[in-house]
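Spelled out, the chains give:
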Amino acid sequence: MNNNQKIPTQKPLNWTRLLWYLLVGILIINIFRMLTHPNYLELSYSDFKNQVDQGKISQITIKGDKIMGSFKQPMRQSSEGKASGQEAIK
């Protein structure tokens, strides 16, 4: 065997590049989830009527037995899961 020949060695794992790929992948997944799952908030009919009476609903669409609407201002859902609002009502 010739001493001048180099034995091929495996390159060390580039952790920085792997971390960047992971972060970009997570970002793409989150963007896809946001685009495919619009923000809806299901309300009981009486809660919906109260929101309309208080003037917090900007538009209403009725299709069959479904009533959908949009809040005038974006609202959030509380940590207990109770409706304190979101952007649209389903």
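On a predicted model such as this, the values are computed, not experimentally measured, just so you know.

## A closer look at the overall build of the protein chain
Reasoning step 1: When its secondary structure is counted, the protein chain shows two helices and six strands.
Reasoning step 2: The N-to-C order of helical and strand elements in the protein chain reads α-β-α-β-β-β-β-β.
Reasoning step 3: Within the protein chain, the fraction of its 90 residues that count as buried is 12%.
Reasoning step 4: For the protein chain, the share of sequence-separated contacts (at least 6 apart) that also reach a separation of at least 24 residues comes to 30%.
Reasoning step 5: Surface summary for the protein chain: the accessible area is close to 8,400 Å², and the carbon and sulfur share equals 55%.

## With respect to a nonpolar patch on the surface
Reasoning step 1: A surface patch of nonpolar side chains, about 710 Å² in accessible area, is lined by Leu19, Trp20, Leu22, Leu23, Val24, Ile26 and Ile28.
Reasoning step 2: Here Ile26 shows up in helix α1 (residues 15–36).

## Here we look at α1
Reasoning step 1: Taking 1.5 Å per residue, 22 residues should reach 32 Å; α1 reaches 32 Å between its end C-alpha atoms and fits that length.
Reasoning step 2: Two or three places before Thr16, at the opening of α1, Asn14 has a side-chain oxygen 3.3 Å from that residue's backbone nitrogen.

## Some thoughts on the environment of Gly55
Reasoning step 1: Locating Gly55 in the fold gives a position in the loop between α2 (45–53) and β2 (57–63).
Reasoning step 2: A residue is classified by how much of its surface remains accessible, and Gly55, at 31% relative accessible area, is partly exposed.
Reasoning step 3: Taking C-alpha positions, Gly55 is 9.1 Å from Phe71, a pair spaced 16 residues apart along the chain.

## Here we look at the pairing of strand β3 (residues 66–71)
Reasoning step 1: In this structure, β2 lies alongside β3, joined through six bridges in antiparallel fashion. In the strand pairing of β3, Ile60 is matched with Gly69.

## Some points on the environment of Lys56
Reasoning step 1: With respect to the element layout, Lys56 can be found in the loop between α2 and β2.
Reasoning step 2: Between the C-alpha atoms of Lys56 and Ser70, which are 14 residues apart in sequence, the distance is 8.6 Å.
Reasoning step 3: Those residues within four positions of Lys56 in sequence are excluded, and the remaining contacts are Gln51, Ser70, Phe71 and Lys72.

## A closer look at the confidence of the model for the protein chain
Reasoning step 1: Taken as a whole, the protein chain shows an average pLDDT of 77; of its residues, 77% reach a score of 70 or greater.
Reasoning step 2: Confidence, expressed as mean pLDDT per element, reaches its minimum in the protein chain at strand β5 (residues 83–84) with 44 and its maximum at α1 with 91.
Reasoning step 3: Considering only residues more than four positions removed or in separate chains, one finds that residues 78–87, a stretch of pLDDT under 50, has 24 contacts.

Basis of the calculations
- Residues numbered from 1 in each chain as written.
- Predicted model: local features only at pLDDT ≥ 70, side-chain atom pairs only at ≥ 80, totals over all residues.
- Heavy atoms only, no water.
- Helix = DSSP H or I, 4+ residues; strand = E, 2+ residues; numbered from the N terminus.
- Buried < 20%, exposed > 50% of the residue type's maximum accessible area, 1.4 Å probe, protein only.
- Contact = heavy atoms within 4.5 Å.
- Areas by Shrake-Rupley, 256 points an atom, 1.4 Å probe, with all protein chains shown as cover.
- Patch = residues over 30% accessible without salt bridge, like charges linked within 9 Å, V, L, I, M, F, W, Y side chains within 5 Å.
- Salt bridge = Lys/Arg side-chain N within 4 Å of Asp/Glu carboxyl O.
- Expected span 1.5 Å × (residues − 1).
- Polar contact = N/O pair within 3.5 Å; in protein donor to acceptor, adjacent residues only side chain to side chain.
- Pairing = 2+ DSSP bridges.
- pLDDT = per-residue confidence, 0-100.

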